[in-house]
Amino acid sequence: MRNLAEKWPAAPDWATSTLNKGGVSVRTLGGLNQLLVSGDLVAWSKASRLAGEGVGAGAIASGDKYMVRIARDRLLAVGEQPFPIAAGWHPAGFAVTAMDAALHVFEIEGSDLERLIARGTALDPGAASRSASILFAGVGALFYRFGNPDRARLHVDRGLAPYLWEWLEQVQVL
């Protein structure tokens, strides 16, 4: 039987792989806790003690725990430490799903970040949106800036991370 795995490049070693191209660098962020929250987001805020609606595409998130807005009733809570809320349905009206293993996180940084964003999406790099959910390089992703305007994070389905890495290797930023 034909080995179809031979036609695909091997996935990089995510723990050590970095990509420096033009004025941007890309690396994988491991160890982040990611919770998908659906339902009553006001009740979630009270239970989690995280205030706000979450950041959208182009907006700047910061801190060791923050929220990324996906839809009117859905967000991704991201933290360096585990959240004190268990996965599952909560009687207050929201559900929590652990997404640590489902979403791969890329951190992209550099002076040419705006150009890379313009290549990967139709999103206006200078504008913010209420939702962080976008198509980037043809892949559904959550996009937001982190810490400063020259650093962004992309959360993509783990199975699509090798494709996005290959796209980043091949794209001409300048």
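Residues numbered from 1 in each chain as written. Predicted model: local features only at pLDDT ≥ 70, side-chain atom pairs only at ≥ 80, totals over all residues. Heavy atoms only, no water.

Trainee: Which residues make up the overall build of the protein, and what values go with them?
Mentor: Helix and strand content of the protein: three helices and 12 strands. Computed over C-alpha atoms, the radius of gyration of the protein comes to 17 Å, within 12% of the 16 Å expected from 2.2 N^0.38 for 174 residues, which places it in the range of a compact globule. Each principal axis of the C-alpha atoms in the protein carries an extent, and together these give about 50 × 45 × 25 Å. Per-residue burial over the protein gives 46% buried out of 174 residues. (Helix = DSSP H or I, 4+ residues; strand = E, 2+ residues; numbered from the N terminus. Rg over C-alpha atoms; globule rule 2.2 N^0.38 Å. Buried < 20%, exposed > 50% of the residue type's maximum accessible area, 1.4 Å probe, protein only.)

Trainee: Lay out the nonpolar core with the relevant residues and their values.
Mentor: Among the nonpolar cores identified, the biggest contains 25 residues, and Phe106, Leu116, Phe136, Phe143, Leu154, Leu164 and Trp167 are the most heavily contacted of them. Counting residues per element, the ones that place at least two in this core are strand S2 (24–29), strand S9 (103–109), helix H2 (113–120), strand S10 (133–136), strand S11 (139–146), strand S12 (151–157) and helix H3 (161–170). If one sorts the elements of this core by residue count, H3 sits on top with five residues. When near neighbours in sequence (up to four residues on either side) are disregarded, Phe106 contacts Trp14, Val26, Arg27, Thr28, Ala152, Arg153, Leu154, Val156, Ala161, Leu164 and Trp165. By size, the runner-up hydrophobic cluster in this structure holds 16 residues, among which are Leu36, Val55, Ala132 and Phe146. (Core = buried A, V, L, I, M, F, W, Y, C linked by side-chain atoms within 4.5 Å. Contact = heavy atoms within 4.5 Å.)

Trainee: Could you give me a rundown of the side chain of Thr121, with the residues and numbers involved?
Mentor: Inspection of the secondary structure assignment puts Thr121 in the loop between H2 and S10. The exposure class assigned to Thr121 is buried, which follows from its relative accessible area of 14%. A polar atom in the side chain of Thr121 sits 3.3 Å from the backbone nitrogen of Leu123. Once residues lying within four places of it in the same chain are set aside, the contact partners of Thr121 are Ile134, Leu135 and Phe136. (Polar contact = N/O pair within 3.5 Å; in protein donor to acceptor, adjacent residues only side chain to side chain.)

Trainee: Any chance you could break down the pairing of strand S8 (residues 94–98) for me, citing the residues and the numbers?
Mentor: Two strands pair when backbone bridges link them, and strand S3 (residues 33–39) and S8 are joined in this way by five bridges, in the antiparallel orientation. Its bridge partner being in S8, Leu36 is matched across the sheet by Thr97. Note: strand S7 (residues 88–90) against S8, three bridges, orientation antiparallel. Across the sheet, residue Trp89 finds its bridge partner in S8, namely Ala95. In this antiparallel pair of consecutive strands, S7 and S8, the connection spans three residues, and Gly93 shows a positive phi of 115 degrees. (Pairing = 2+ DSSP bridges.)

Trainee: Give a description of H3 that names residues and reports values.
Mentor: An α-helical turn contains 3.6 residues, so a residue and the one three or four places further along point in the same direction. Taken together, the buried positions of H3 are Ala161, Leu164, Trp165, Trp167 and Leu168. Taken around the axis of H3, the buried residues stretch over an arc of 160 degrees, which confines them to a single face. Buried residues belonging to H3 abut strand S1 (18–21), S2, S9, H2, S10 and S12. (Arc of directions from axis to C-beta.)

Trainee: Before we move on, could you go through the pattern of salt bridges and cite the residues and values that matter?
Mentor: Where charged atoms from two side chains of opposite charge come close, those side chains can pair. Under the counting rule described, the total for this entry stands at five salt bridges. Among the salt bridges present, the one from Glu107 reaches Arg27, with a minimum N-O distance of 2.8 Å. Placement of Glu107 in strand S9 and of Arg27 in strand S2 is noted, with a sequence separation of 80 residues between them. We classify Glu107 as buried; its relative accessible area is 5%. (Salt bridge = Lys/Arg side-chain N within 4 Å of Asp/Glu carboxyl O.)

In short, geometric facts, not functional conclusions.
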